[in-house]
Every structure is written in structure tokens, then in C-alpha cells.
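In case you want the letters, here they are:
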Amino acid sequence: MKDIDKDFYCVLGDRIKGHSHLCGGICTDCPLKHRKHPTPEQYKEEYGEEWTGVVYGRRSENRKWVFGSRLDFVPETLIVCACTPFGMPDNNWRPV
């Protein structure tokens, strides 16, 4: 795993000799490029399965991240999967 930028990472990272990423660092349509903080919908689109694990959620008015089951949050909460080792998103995070 290696950061591509603040929102994406490469699954292979530095494992390919001579290249930082499988695509040589371009990573535009690389299948190994993934979001660091996907929403449940983005997770399903990228991996082809539902995210059933813990999620981070934040209401726009208090701007503090909390985590729990997707059922713990009310509809107006912004929900994010906690499926990567990148931890909680920054406070100014928005889905990409």
C-alpha cells in the first residue's frame, strides 16, 4: 500500500521493481487504485460486495467523527467505510 494522494492509495505500492505503482505512477484507470475512505456505495462499486463492517459517521453540525454500525447513524449523517487502515478521515473530508 502506498499513498497516491490524500484520497487514493495503490494496493501494490513499492512492490514492483522500478515502479512506484503498477501503472508506473500514473494510476489513472489502474484497478489497484482505491479510495482511502470510500462510502458504502463506493466500496460496493470498487469491490463488488456490500460493506458490512464498522463505519465512520459525522453530522455536519458538530463535525466530529464517530464510529459504529451503519444502523447507529441517522440518514443526515455522512457515512464512510472504515475498511482501510487509514483511520478516520480529516475533518474537511468529502467523498471523491
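Fair warning: this is a prediction, and the values are worked out from it, not measured in the lab. (Residues numbered from 1 in each chain as written. Predicted model: local features only at pLDDT ≥ 70, side-chain atom pairs only at ≥ 80, totals over all residues. Heavy atoms only, no water.)

*Asks:* Can you walk me through the overall build of the protein in this structure?
*Replies:* On a plain count of helices and strands, the protein comes out with one helix and six strands. Residues classed as buried in the protein amount to 33% of the 96 residues present. Carbon together with sulfur atoms contributes 52% to the accessible area of the protein, which is approximately 6300 Å² in total. (Helix = DSSP H or I, 4+ residues; strand = E, 2+ residues; numbered from the N terminus. Buried < 20%, exposed > 50% of the residue type's maximum accessible area, 1.4 Å probe, protein only. Areas by Shrake-Rupley, 256 points an atom, 1.4 Å probe, with all protein chains shown as cover.)

*Asks:* How do you make sense of the sheet that holds strand β6 (residues 78-81) when you look at a structure like this?
*Replies:* Whenever strands of a sheet pair, they do so through backbone hydrogen bonds, lying parallel or antiparallel. The strand order across the open sheet built from three strands is β5-β4-β6, with neighbouring strands paired in antiparallel fashion. The open sheet is flanked by β5 (66-68) and β6, the only strands paired with a single partner. In this sheet, neighbouring strand axes are inclined to one another by 30 degrees on average, regardless of whether the strands run parallel or antiparallel. (Pairing = 2+ DSSP bridges. Axes fitted to C-alpha atoms, helices over the stretch in contact; angles between N-to-C directions.)

*Asks:* How should the packing of aromatic side chains be read in this particular structure?
*Replies:* We describe a pair of aromatic rings using the distance from one ring centre to the other and the angle between the two ring planes. In this structure the tally under the stated criterion is five aromatic pairs. Where Tyr9 meets Phe86, the ring centres are 5.1 Å apart and the plane angle is 45 degrees; that geometry is what we call tilted. Placement of the pair is Tyr9 in strand β2 (residues 8-10) and Phe86 in the segment after β6, with a sequence separation of 77 residues. A relative accessible area of 6% places Tyr9 in the buried class. By relative accessible area, which is 27% here, Phe86 ends up partly exposed. A centroid spacing of 6.1 Å and a plane angle of 85 degrees characterise the contact between Tyr56 and Phe67, whose relative ring orientation is edge-to-face. With Tyr56 in strand β4 (residues 55-58) and Phe67 in strand β5, this residue pair connects regions lying eleven residues apart in the sequence. Residue Phe67 is classed as exposed on the basis of its relative accessible area, which comes to 58%. Taken together, Tyr43, Tyr47 and Trp51 form an aromatic cluster joined through their ring pairs. One Lys or Arg, Lys33, reaches over the ring of Phe8 and ends 4.5 Å from the middle of that ring. (Phe/Tyr/Trp six-rings, centres within 6.5 Å; stacked < 30°, edge-to-face > 60°. Lys NZ or Arg CZ within 6 Å of the ring centre and 35° of its normal.)

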